[in-house]
Amino acid sequence: MQLSNEEEDYNLSLSKFESMLKTNKVLFFDSEEFEEIILHYLDIGKANLAKKALKLALDQHPKSTGLKLVQVEMLVYDDKLEIAEKLLNELYAIEPNNEEIYIQKANICSKRDQHEKAVELLKIALQYTDDYADVYNLIGMEYLFMDNLEMAKESFIKCLEEDLEDQSALYNVVYCFEFLDQNQEAIVYLNEYINKNPYSEIAWHQLGRLHYGVKEYENAIRAFDYATLIDDEFLGAFMEKAKAYERLKKYNEAIESYNRTIELDDATSYALLRIGKCYEKLGNTAKALQYYNQTVHEDPLLDKGWIAITDFYVRQKNFQKALFFVNKALAIDNQNRLYWKRYATINKQMNFFEEAEFGYRKAVEFGDYALETWLFWVDILQFLGEFESAIQTLLQASEYFPEENEIEYRLAGLYFMIQDNTKAKFHLSNGLRLNFENYILIEDLFPVVWSKKMVKNYIEKHRKQ
């Protein structure tokens, strides 16, 4: 690729400057050359070299406004705001129409969280600038700091009207639309933008994301297709397209797109995991397992990979292997209620009731308050003969489900088991009131209680009421 004359001059200036540093010879540069050199070092994070270049620059060009403005930028960067402000006031007295002075003043206000004042200064800068896009972008950022998403969106749109190629403004305008929950309006805007700039792969990608967000998966795929046609190495677009194909249950196409991401970059555990899930949906269990194993090989700390293998073996009813892999997931994240519930369910299937009880207890401890989790836990406590613990657990569950007949019938049965007939009848009465037909739970779960004539008479009496 041939460099332009400007790029050649710029590279030459840099080489000449770095050569000067090595030899300690003082060479002459014009002020614009120095500005470019300083900003280059700032951009790549070499602040010390930028400061060294600035000192040499001001020695050679002590009256250069451009260099003094770069000095202000560096002072602001170092949080030396008062010194920067003093220097700006001196420059303002000389050049009151220089837009960069207002931009740097706004930058100082922004650093002090005076965002409204920063916007006022940037609006003055608009009167003097030729680069409207840059100033609108800065105004948009100030409105973002103030959480004024509508005004920020408006500013980024104005920025794009001035410069269609400003990618940061494009991302920001979509962010504002999404934050304001204006997905359909964002789709309309992006279609208008694409009419003006049809070869923007970023716009197509964002349009695809928005269609995906409102579950318009066919439209999403079409947009991602355009993004990947424009840039056939657009990793994100291939990934998003694969997810959209999955939603449409087009698993072969999804696999193809996920594989494209692996071709473009090193295999990610996420892509491998999704390919495994696609193969499992297609009924190809051998391939599914192969990719699940690759997932955990690629990232042994990815708990979702271990859980995918766990679920695979649960579906295969191979609970021994499922238990091995759920333990791997719990070793990585032992506070995940979903993992503990799987652990409990697998142990229950294997008749390891004490382990199952522990699993359900941990699931609830970490926030699983689903009714079935409470009931599974209680039924195992009852099976283990821990009636008091089962009662306490049900009373805790009743705080979340105060009018649940399944809880009331179980409490009735348990109280009968410990000979507390008063409480047993109270809860049995509640259960019959809430769902009379479900009294068969007593028969199913508490055959000893069901055999008592008193209990059957109580139910019959309630039936006649």
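Before going into details, it helps to say that this report is about the structure given with it. (Residues numbered from 1 in each chain as written. Predicted model: local features only at pLDDT ≥ 70, side-chain atom pairs only at ≥ 80, totals over all residues. Heavy atoms only, no water.)

**A look at helix α20 (residues 337-349)**
- When the terminal C-alpha atoms of α20 are compared, their 18 Å separation across 13 residues agrees well with the 18 Å that a helix rising 1.5 Å per residue should span.
- All of the buried residues along α20 are Y339, W340, K341, Y343, A344, I346 and N347.
- Looking at the packing, one finds that the buried side of α20 touches α18 (303-315), α19 (319-332), α21 (353-365) and α22 (371-383).
- N-cap assignment for α20: the residue whose side-chain oxygen lies 2.9 Å from the backbone N of L338 is N336. (Helix = DSSP H or I, 4+ residues; strand = E, 2+ residues; numbered from the N terminus. Expected span 1.5 Å × (residues − 1). Buried < 20%, exposed > 50% of the residue type's maximum accessible area, 1.4 Å probe, protein only. Contact = heavy atoms within 4.5 Å. Polar contact = N/O pair within 3.5 Å; in protein donor to acceptor, adjacent residues only side chain to side chain.)

**Looking at the nonpolar core**
- One finds I139, L170, V173, Y189, L190, Y258 and I309 to be the most contacted residues of the largest nonpolar core, which totals 86 residues.
- At seven residues, α19 tops the list of elements feeding residues into this core.
- W374, L375, L432 and V449 belong to the second largest nonpolar core, which has 35 residues in total. (Core = buried A, V, L, I, M, F, W, Y, C linked by side-chain atoms within 4.5 Å.)

**Let's talk about the packing of aromatic side chains**
- One pass over the structure, following the stated rule, counts 21 aromatic pairs.
- Between the aromatic rings of Y102 and Y128, the centroid separation amounts to 5.7 Å while the plane-to-plane angle is 15°, which identifies the pairing as stacked. Of this pair, Y102 sits in helix α6 (residues 99-111) while Y128 sits in helix α7 (residues 115-128), and the two are 26 residues apart along the sequence.
- Overall, Y102 belongs to the buried group, its relative accessible area being 7%.
- Taking relative accessible area as the criterion, Y128 reaches 30% and is therefore assigned partly exposed.
- The structure contains a cluster of three or more aromatic residues connected by ring pairs, namely Y292, W306, F312, Y313, F324 and F325.
- Note that K243 overlies the ring of Y212, its terminal NZ or CZ placed 5.7 Å from the centroid. (Phe/Tyr/Trp six-rings, centres within 6.5 Å; stacked < 30°, edge-to-face > 60°. Lys NZ or Arg CZ within 6 Å of the ring centre and 35° of its normal.)

**Observations regarding helix α9 (residues 149-162)**
- End to end, α9 covers 20 Å across 14 residues, agreeing with the expected 20 Å (1.5 Å per residue, within 8%).
- Looking only at α9, the buried set comprises L149, A152, K153, S155, F156, I157, C159 and L160.
- Tucked into the core, α9 has its buried residues touching α8 (132-145), α10 (167-179) and α11 (183-196).

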